[in-house]
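# What the coordinates show
Spelled out, the chains give:
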Amino acid sequence: MANCDDNVKAECVGLYRELLDLAQLFGRAFIWRNRVHGHHKLFHGYLRENPVYFPTLFRRRFRMNRSLFLRIQSTIKAHDPYFVQKRDVAGHLGLSSLQKITVALHMFAYGVTRLCR
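This write-up is about the structure you can find in this document. (Residues numbered from 1 in each chain as written. Predicted model: local features only at pLDDT ≥ 70, side-chain atom pairs only at ≥ 80, totals over all residues. Heavy atoms only, no water.)

## Looking at the overall build of the protein chain
We apply this condition: Numbering goes from the N terminus for both helices and strands, where a helix is a DSSP run of H or I of at least four residues and a strand is a run of E of at least two. Exposure is judged per residue with a 1.4 Å probe applied to protein chains only, and the accessible area is read against the type maximum: over 50% gives exposed, under 20% gives buried, and values in between give partly exposed. The contact definition used throughout considers only heavy atoms, calling two residues in contact when any of these lie within 4.5 Å. Where accessible areas are quoted, they stem from the Shrake-Rupley method and a 1.4 Å probe; at the residue level, only the protein chains shown are allowed to cover.
Scanning the protein chain from N- to C-terminus turns up five helices and zero strands. Helices (α) and strands (β) of the protein chain occur, in sequence order from the N terminus, as α-α-α-α-α. Evaluated residue by residue, the protein chain yields a buried proportion of 20% over its 117 residues. At a minimum sequence separation of 6, the contacts of the protein chain that also span at least 24 residues come to 36%. For the protein chain, the accessible area works out to roughly 9,100 Å², and carbon and sulfur atoms hold 58% of it.

Right, dumping it as structure tokens:
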């Protein structure tokens, strides 16, 4: 597991340096959002077979059980192409479907303005 984390960190550092070089070349500010790491934290913390957090914490955070969340995710991914993970113009992975659906459910539950504060 530690070897996998080291590989992900090394890849992220390399991508970050590459993107900084591109941003400086074109004169644009670039803010690195470690989306891949965010997906790994979400998946390993709540959704894998033996998650870090107990099912009660998943239910408290998402207000539903894990199987319902995964069923919603697969249905939404099949229906709307926005929720499928894609690569951007530079070839880097965007947000995963788990991240997009988590934010969408958060917006439904608490409203859009709470995310903007």
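Next comes the rest of the description.
## Section: the environment of N34
Structurally, N34 is set in the loop between α1 (2-26) and α2 (35-47). In the structure, N34 is positioned 60 residues away from G94 in sequence and 9.7 Å away in space, judged by C-alpha atoms.

## Side note on the nonpolar core
Within soluble globular proteins, side chains that are nonpolar generally end up buried alongside one another. To be explicit about the condition: Buried residues of nine kinds, namely Ala, Val, Leu, Ile, Met, Phe, Trp, Tyr and Cys, make up a nonpolar core once their side-chain atoms join them within 4.5 Å.
Listed in full, the ten residues of the largest apolar core are L42, Y46, L47, F58, F62, M64, F69, F83, L98 and I101. Elements with a contribution of two residues or more to this core: α2, α3 (55-62) and α5 (97-110). Examining the composition of this core, we find that three residues originate from one element, α2, more than from any other. Each residue touching L98, except ones within four places of it in the same chain, is listed here: H39, L42, F43, L47, F69 and Q73.

## Describing a nonpolar patch on the surface
Put simply, the rule is: Patches here: salt-bridge-free residues with over 30% relative accessible area, like charges joined within 9 Å, nonpolar side chains (Val, Leu, Ile, Met, Phe, Trp, Tyr) joined within 5 Å. Any Lys or Arg side-chain nitrogen found within 4 Å of a carboxyl oxygen on Asp or Glu counts as a salt bridge.
Together, V103, M107 and V112 give the surface a local cluster of nonpolar side chains, amounting to about 220 Å² of exposed area. Summarising the element assignment, V112 is placed in the segment after α5.

## Looking at the packing of aromatic side chains
Here is the rule we go by: Note on aromatic contacts: the rings of Phe and Tyr and the six-membered ring of Trp form a pair at centre separations within 6.5 Å, being stacked when their planes are under 30 degrees apart, edge-to-face when over 60 apart, and tilted otherwise. In this analysis the charged atom, NZ for Lys or CZ for Arg, is taken to sit over a ring once it is within 6 Å of the ring centre and within 35 degrees of the ring normal.
This structure, assessed with the given rule, holds seven aromatic pairs. Ring geometry for Y82 against F83: centres 5.1 Å apart, planes inclined by 85°, an arrangement best described as edge-to-face. A relative accessible area of 13% means that F83 is categorised as buried. In this structure an aromatic cluster arises from ring pairing among Y46, Y53, F58, F62 and F69. The aromatic ring of Y82 is capped on one face by K100, whose charged end is 4.5 Å from the ring centroid.

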